[in-house]
Amino acid sequence: RWLTSYMPKQIVDATDYLDEVERGLCALRGLRTLILWGTSDISFGPVDRRRFEALFPRHQTVKLKGASHLIQEDAPWRIADEIRRYFGEPPDRSA
């Protein structure tokens, strides 16, 4: 319960920073973008996902079925697989 009362204050206190981040997103518009989206996120829903998809026209969206707001905890191996698939396997540096 403590976290549910603490986090809103942190978000409100970060308003100026978050506004600055949002203003800077347009500078990234032309980059290839992988959007990994948890389908069970109670903080950000389909409207938010579509906003990011519109902001980044060169996107590929992967919906992580059942993943919540903390996708890295709910689907770490799937995330790693999707990043490898999108960006390619890293080069072999053992030689």
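All values derive from a computational prediction rather than experimental measurement.

Enquirer: What exactly am I supposed to notice about the side chain of R49 here?
Expert: Tracing the backbone shows R49 in helix α3 (residues 46-55). Judged by its relative accessible area of 11%, R49 falls in the buried class. Apart from residues lying up to four places away in sequence, R49 is in contact with W37, T61 and K63.

Enquirer: Just checking my understanding: could you explain the pattern of salt bridges for this structure?
Expert: Where charged atoms from two side chains of opposite charge approach closely, those side chains can pair. Following the criterion strictly, the structure yields five salt bridges and no others. In this structure, E53 and R49 form a salt bridge, with 3.2 Å as the shortest nitrogen-oxygen distance. Placement of the pair is E53 and R49 together in helix α3, with a separation of four residues, close to one helical turn. The burial state of E53 is the same as that of R49; both residues are buried. Two residues, R78 and E82, come together in a salt bridge whose shortest N-O distance is 3.1 Å. Placement of both R78 and E82 in helix α5 (residues 76-87) is noted, with a separation of four residues, approximately one turn of the helix. Judged by its relative accessible area of 7%, E82 falls in the buried class.

Enquirer: For this particular structure, what's the right way to read the packing of aromatic side chains?
Expert: For any two aromatic rings, the description comes down to two numbers: the centre-to-centre distance and the angle of the planes. Taken as a whole and assessed by the stated rule, the structure comprises two aromatic pairs. Ring centres of W37 and F52 lie 6.3 Å apart, and the angle between their planes is 50 degrees; this geometry places the pair in the tilted category. Taken together, the residues W37 in strand β1 (residues 33-38) and F52 in helix α3 connect sequence positions 15 residues apart. With a relative accessible area of 12%, W37 lands in the buried category. Over the aromatic face of Y86 sits the side chain of R32, whose NZ or CZ is 4.3 Å from the ring centroid.

Reading the values: the criteria
- Residues numbered from 1 in each chain as written.
- Predicted model: local features only at pLDDT ≥ 70, side-chain atom pairs only at ≥ 80, totals over all residues.
- Heavy atoms only, no water.
- Helix = DSSP H or I, 4+ residues; strand = E, 2+ residues; numbered from the N terminus.
- Buried < 20%, exposed > 50% of the residue type's maximum accessible area, 1.4 Å probe, protein only.
- Contact = heavy atoms within 4.5 Å.
- Salt bridge = Lys/Arg side-chain N within 4 Å of Asp/Glu carboxyl O.
- Phe/Tyr/Trp six-rings, centres within 6.5 Å; stacked < 30°, edge-to-face > 60°.
- Lys NZ or Arg CZ within 6 Å of the ring centre and 35° of its normal.

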